[in-house]
Structure formats: C-alpha cells, structure tokens
Amino acid sequence: NVTWYKDNKPISSARTYMGLNYTLFIVGTLPEDSGNYQCVAENFIINETRTSLEGELYVTERIDDVVDDDSEKPSPSIASYYTTVPEGESTSLLCAFQGIPYPTYRWYFNNGTEISDINSTFSYQYEKQVLQIDRVTRDLAGLFLCHGTNVAGSSVINITLFVDLHRGTRIL
C-alpha cells in the first residue's frame with residue numbers, strides 16, 4: 001500500500017494522480033498545493049513500512065498569455081509511458097507539461113486523429129491534462145499522443161495503451 005502525505009495528512013484531492021512507480025502528479029497546481037510532501041509504503045505481509053524523505057513544493061500563481069523573453073517551450077513531465085488496462089474498465093491518461101505561458105493541450109490517437117469529439121468514450125479533465133476513457137475496448141489499444149503548445153513551441157508525450165483481454169494476452 002502506497003500513500004502520499006502533504007503536511008503530514010494523507011492526500012485526498014481529486015487533482016492528484018499516482019502514476020508509474022507511485023509517482024505523485026498534481027494536475028493544475030495551485031498555490032494551496034504548496035507544502036511538504038512525503039510518501040509512505042506499507043507491506044502488510046511482512047509488516048514493514050518505508051518512508052521517503054520529505055520534499056517541499058512551492059507553487060506560485062499561474063502565468064497565462066505572457067509573450068516575452070521569459071517564454072519557455074512546454075517541457076513534458078515524462079516523455080513516454082505505457083499502461084495496461086483490462087477490457088471493459090475505465091482509465092485516465094495523464095499529460096503534464098511545464099511552460100511559460102501555460103501550454104494548451106491536444107490529444108491524438110493511433111493514426112493522428114485528434115480526439116476532439118467528446119462522447120461517451122472520452123472525456124477531459126483539468127484543461128485537457130487528463131483524458132478519461134470510461135470503458136476500454138480492444139479498439140482503443142495503441143498510441144495516444146498528447147501535444148502541449150504555447151508561443152515558445154510544442155512538445156509531445158507518447159502514451160501506449162495495452163488492453164488486457166482477460167485471457168493472458170495483451171493487444172497493442
């Protein structure tokens with residue numbers, strides 16, 4: 001069991017997401033997210049607990065629509081990752097960039113088709129930083145691209161979705 005804490009209290013914000021290797025992501029950070037963060041891993045089978053070092057996070061106000069010499073091209077939090085989801089389950093794909101001004105997000109699937117049509121399969125959260133898939137089907141196995149763009153340039157995060165068919169096979 002892995003739990004993240006902020007200021008010695010378990011994190012329960014809907015804007016947090018635990019990614020690969022239990023990395024904590026905070027979507028749409030706000031000044032109130034500033035604080036001391038720590039991770040605790042508990043193994044109940046061998047009755048052992050490990051606690052990470054404490055890290056301090058400072059969040060300032062977001063800078064939007066500023067075009068000057070301080071502009072920075074979007075920088076991805078991670079270049080690529082993969083996830084395996086059982087067929088029929090839901091999942092959230094996370095895309096996070098840092099940049100000045102704040103990047104806009106666009107999502108694409110397999111053949112470069114933009115996921116702009118929100119329907120019963122896809123929905124967005126947190127200014128398109130999270131692509132929610134409500135019911136994973138084998139047709140959704142493949143490569144999702146998230147583009148972060150601002151006046152200084154753009155970057156891409158590649159997310160590969162594998163679909164587990166409950167028979168020990170994965171589809172890509």
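Remember, it's a predicted structure, so these values are computed and weren't measured experimentally. (Residues numbered from 1 in each chain as written. Predicted model: local features only at pLDDT ≥ 70, side-chain atom pairs only at ≥ 80, totals over all residues. Heavy atoms only, no water.)

### Considerations on the side chain of glutamine 129
Note on placement: glutamine 129 falls in the loop between strand E14 (122-125) and strand E15 (130-133). Take glutamine 129: its relative accessible area is 4%, and that puts it in the buried class. Setting aside residues no more than four positions away along its own chain, glutamine 129 makes contact with Val27, Gly28, Leu93, Leu94, Cys95, Tyr102, Tyr105 and Trp107. (Helix = DSSP H or I, 4+ residues; strand = E, 2+ residues; numbered from the N terminus. Buried < 20%, exposed > 50% of the residue type's maximum accessible area, 1.4 Å probe, protein only. Contact = heavy atoms within 4.5 Å.)

### Some points on the layout of surface pockets
Which parts of space are left empty comes out when a probe the size of a water molecule is rolled across the atoms. By volume, the largest pocket amounts to about 900 Å³. What lines the largest pocket is a set of 31 residues, and nearest its centre among them are Ile26, Thr29, Val59, Phe97 and Gln98. Looking at the lining of the largest pocket, the elements that each hand over two or more residues are strand E4 (24-26), strand E7 (55-57), strand E8 (72-76) and strand E11 (97-100). Partitioned by chemical class, the residues of the lining of the largest pocket number 17 nonpolar, 10 polar and 4 charged. (1 Å grid on protein atoms, 1.4 Å probe; cavity = no way out; pocket = protein on both sides within 12 Å on 5 of 7 lines; lining within 4 Å. Points joined across faces, edges and corners; volume = space filled by probe spheres on them. Nonpolar A, V, L, I, M, F, W, Y, C, P; charged D, E, K, R; others polar.)

### Re the state of the cysteines
Summed over the entire model, instances satisfying the criterion amount to 1 disulfide. The disulfide that involves cysteine 95 links it to cysteine 146, with 2.0 Å between the sulfurs. Measuring the twist about the S-S bond at about -90°, one finds the cysteine 95-cysteine 146 disulfide to be left-handed. You can see cysteine 95 sitting in the loop between strand E10 (91-94) and E11 and its partner cysteine 146 sitting in strand E16 (residues 142-150), a full 51 residues away along the chain. Among the residues examined, cysteine 95 registers a relative accessible area of 0% and is labelled buried. (Disulfide = S-S within 2.5 Å.)

### Quick word on the side chain of asparagine 150
You can see asparagine 150 is positioned in strand E16. Polar contacts involving the side chain of asparagine 150 include one to the main-chain carbonyl oxygen of proline 101, which spans 2.8 Å. Not counting residues up to four positions away in its chain, the partners in contact with asparagine 150 are Glu72, Lys73, Pro74, Gly99, Ile100, Pro101, Tyr102 and Pro103. (Polar contact = N/O pair within 3.5 Å; in protein donor to acceptor, adjacent residues only side chain to side chain.)

### Quick word on the sheet that holds E15
Ordered by their spatial adjacency, 3 strands build an open sheet running E10-E15-E14, and the pairing between neighbours is antiparallel. On the outer flanks of this sheet lie E10 and E14, each paired with one strand and no other. Pairwise comparison of adjacent strand axes, ignoring direction, gives a mean angle of 25° for this sheet. As paired elements, E10 and E15 share 4 bridges and run antiparallel to each other. Bridge pairing links threonine 91 to isoleucine 133 in E15. (Pairing = 2+ DSSP bridges. Axes fitted to C-alpha atoms, helices over the stretch in contact; angles between N-to-C directions.)

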